[in-house]
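# Observations on chain architecture
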Amino acid sequence: MRRCHLLILLLLLSPPLLAERHYYQRGDQHLEIDLSEQLPQARRDDVLGWIRDTADALAAVHGRWPRDRWRVRIYPYNTRGSDPVPWAQVNRGDPDVVSFYIDPRASRERLSNNWTAYHEFAHLLIPYRGWGDMWYSEGFASYYQNLLQARQGVFDEREMWQRLHDGFIRGRTNRRPDLSLAELSPSMRENRSFMRVYWSGAWYWFRADTELRRRSGGKQSVDTALAALNRCCADAAMSAREIAIELDRLTGQLLFVPLFDQVAGSRALPPFEEQFAELGIELENGAVILRNTHPLADIRGSIARPVVPGGR
Ligand SMILES: [Zn+2]
C-alpha cells in the first residue's frame with residue numbers, strides 16, 4: 001500500500017489482460033499467481049520462484065497463510081531505475097489481491113533481496129481493511145518486512161536490528177510536531193510525513209512484540225497473537241483500534257490498547273535507544289552491536305528466527 005499516486009498512471013499504462021495463471025497450494029490453502037502476458041517467457045520461472053519463496057516466509061509466521069485463497073498479479077514495468085519492484089499494491093477483497101509491477105530484467109536474486117514483497121504480504125497478516133489509522137497497518141508491514149527477511153535468510157539478526165534502527169532514525173524527521181500521529185496519519189502525503197507515520201507505527205509493533213515476549217518469557221509474541229487473531233477474525237473487516245482491542249483480549253494482556261493510545265497521541269517518534277539497550281542492542285556511531293550474553297539475548301534473537309522452519 002504505497003506510492004498510490006502512481007496508481008492511476010500505472011493502471012493506464014498497464015495491459016488489463018493476464019495471460020497465465022499458476023497455482024501454489026499449501027494443504028487446503030491456495031495462492032493464485034497471475035502473470036501478465038507481457039512478462040517475458042524467459043523470466044517467468046524466476047518470478048514464480050520469488051513469489052513462492054516470499055509466500056513461504058509469510059506462512060512461517062504461524063504455520064498458515066492468513067487467507068485460505070488469495071491472489072498475486074505480476075506486471076512488467078519498464079524502468080530505468082534500479083528498483084526491481086518499482087510499485088506494488090494490496091487490494092483487500094474476495095480474494096485479497098497483491099499486485100506487483102516489476103522490472104522484467106531483474107534477476108531472481110535481486111527480486112528475492114528486495115523488501116517490497118515481504119512488506120506487501122505482511123499487510124495480509126492483520127484483518128485491517130484500509131480505513132483510518134494508516135500508521136497502524138503501514139507500521140505493521142514496515143516492522144514485519146524486516147522480520148520476514150531475516151527469517152528467510154535474506155540478512156542476519158544484526159542487520160535486521162540495523163534496518164529497524166535506521167528506520168526509526170528516518171522516522172524522527174518531523175515536519176509537523178504540532179500534530180499527533182492520529183492527526184498526521186490521514187494527511188501524511190500532504191505533509192510529506194511518510195517516514196514519521198510508518199516508523200512510529202513500526203515502533204508500536206516493535207514495543208508490543210518485545211514486551212509481550214518479555215512478559216510471557218518467550219511463550220507469547222506478535223506471531224502467536226496473529227495466529228489467534230487469524231483463527232477468530234480472518235474474515236472480519238476491523239479498524240486499527242478494534243484489532244488492538246482484540247489482540248489484548250486474545251493474549252490476556254493490557255498492552256496493545258494502551259500502546260495504541262500512546263503512539264496515536266505521540267507528536268514525535270518515541271525513543272527507542274533504551275528499549276534497544278534492554279534487549280542487549282548497543283549502538284556505536286549508528287552501528288548496531290548485539291550483546292549475546294545479555295539476559296534477553298535469546299528473546300531478542302527469537303524475533304529473527306522462523307517460528308515454523310521452512311514455512312511448511
Ligand atoms: Zn504498505
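My aim in this report is to walk through the structure given alongside it, one point at a time. Small disclaimer: the values here were computed from a predicted structure and weren't measured.

## Focus: the coordination of the zinc ion
Protein coordination at the zinc ion comes from His119 (NE2), His123 (NE2) and Glu138 (OE), with a distance range of 2.0 to 2.1 Å. Spacing between the donor residues of the zinc ion along their common chain follows H-x3-H-x14-E. With histidine 119 and histidine 123 both in helix H4 (residues 116–123), this residue pair falls four residues apart, about one helical turn. An identical accessibility class is assigned to histidine 119 and histidine 123; each is buried.

## Section: the environment of serine 200
With respect to the helices and strands, the residue serine 200 is situated in helix H8 (residues 194–215). Taking the C-alpha atoms as reference points, serine 200 and alanine 122, 78 residues apart in sequence, are found 17 Å from one another. Once residues lying within four places of it in the same chain are set aside, the contact partners of serine 200 are Leu181, Met195, Val263 and Leu269. Only 2.7 Å separates the side chain of serine 200 from the backbone oxygen of arginine 196, close enough to count as a polar contact.

## Let's talk about the state of the cysteines
Tallied over the entire structure, the rule returns one disulfide. A sulfur-sulfur distance of 2.1 Å marks the disulfide that ties cysteine 232 to cysteine 233. With the S-S dihedral at roughly -90 degrees, the linkage between cysteine 232 and cysteine 233 falls on the left-handed side. We classify cysteine 233 as buried; its relative accessible area is 10%.

## Remarks on the environment of leucine 247
With respect to the element layout, leucine 247 can be found in helix H10 (residues 240–251). Placed ten residues apart in sequence, leucine 247 and valine 257 show a C-alpha to C-alpha distance of 8.4 Å.

## As for the pairing of strand E6 (residues 281–284)
In the case of a regular strand, side chains alternate between the two sheet surfaces. Relative to strand E7 (residues 287–290), E6 runs antiparallel, the two being bridged by four bridges. Across the sheet, the residue bridging to glutamate 282 is isoleucine 289, located in E7. Once E6 ends, the chain turns through two residues before running back antiparallel as E7, passing asparagine 285 with a positive phi of about 50 degrees.

## Here's the deal with helix H9 (residues 222–233)
For H9, built from twelve residues, the straight-helix expectation of 16 Å at 1.5 Å per residue is met to within 8% by its first-to-last C-alpha distance of 15 Å. For H9, every residue scored as buried is listed here: Val222, Asp223, Ala225, Leu226, Ala227, Ala228, Leu229, Asn230 and Cys233. Each element contacted by the buried residues of H9 is listed here: helix H5 (134–151), H8, H10 and helix H11 (256–264). Looking at where H9 begins, the residue whose side-chain oxygen comes 3.2 Å from the main-chain nitrogen of aspartate 223 is serine 221.

About the cut-offs
Residues numbered from 1 in each chain as written. Predicted model: local features only at pLDDT ≥ 70, side-chain atom pairs only at ≥ 80, totals over all residues. Heavy atoms only, no water. Donors = N, O, S within 2.8 Å, 3.2 Å for Na, K, Ca; no water. Helix = DSSP H or I, 4+ residues; strand = E, 2+ residues; numbered from the N terminus. Buried < 20%, exposed > 50% of the residue type's maximum accessible area, 1.4 Å probe, protein only. Contact = heavy atoms within 4.5 Å. Polar contact = N/O pair within 3.5 Å; in protein donor to acceptor, adjacent residues only side chain to side chain. Disulfide = S-S within 2.5 Å. Pairing = 2+ DSSP bridges. Expected span 1.5 Å × (residues − 1).

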